[in-house]
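Analysis of the macromolecular model
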Amino acid sequence: MVHWYRNVFTEVPKAKVKAVAAMLKAIHAQEDRQAARRKAEDVVAKLEAMRLSKAAKVVRRAWKRR
């Protein structure tokens, strides 16, 4: 999980790392896998809205495998 966070953070400007970290933690705080998948989709949408498409791609790729 740590490596996944780091992979996402490499695609995020330092000024936005805190906000993105909170989004990623929200994914892992979900009750079950289905809820986590829905939250991951929400996070991807938020990242794309923030113009962080590369970070969104990393999150999307990780959740497609699961």
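Read on for an overview of the structure. As the structure is a prediction and not an experimental result, all values here were calculated from the model. (Residues numbered from 1 in each chain as written. Predicted model: local features only at pLDDT ≥ 70, side-chain atom pairs only at ≥ 80, totals over all residues. Heavy atoms only, no water.)

Moving on to helix 3 (residues 33-49). Look at helix 3: 24 Å from first C-alpha to last across 17 residues, which is about the 24 Å you get at 1.5 Å a residue. Of the residues making up helix 3, those classed as buried are Ala-35, Ala-36, Ala-40, Val-43, Val-44 and Leu-47. Residues of helix 3 that are buried make contact with helix 2 (17-28) and helix 4 (53-64). Residue Arg-51 follows helix 3 closely and has a positive phi angle near 65 degrees. (Helix = DSSP H or I, 4+ residues; strand = E, 2+ residues; numbered from the N terminus. Expected span 1.5 Å × (residues − 1). Buried < 20%, exposed > 50% of the residue type's maximum accessible area, 1.4 Å probe, protein only. Contact = heavy atoms within 4.5 Å.)

A general tendency of soluble globular proteins is for nonpolar side chains to be buried together. Among the nonpolar cores identified, the biggest contains 20 residues, and Trp-4, Val-8, Leu-24, Ile-27, Leu-47 and Val-59 are the most heavily contacted of them. Within the residue set of this core, elements represented by two or more residues are helix 1 (2-9), helix 2, helix 3 and helix 4. Per-element tally for this core: the top contributor is helix 4, with six residues. Those residues within four positions of Val-8 in sequence are excluded, and the remaining contacts are Val-20, Leu-24, Ala-55, Val-58 and Val-59. (Core = buried A, V, L, I, M, F, W, Y, C linked by side-chain atoms within 4.5 Å.)

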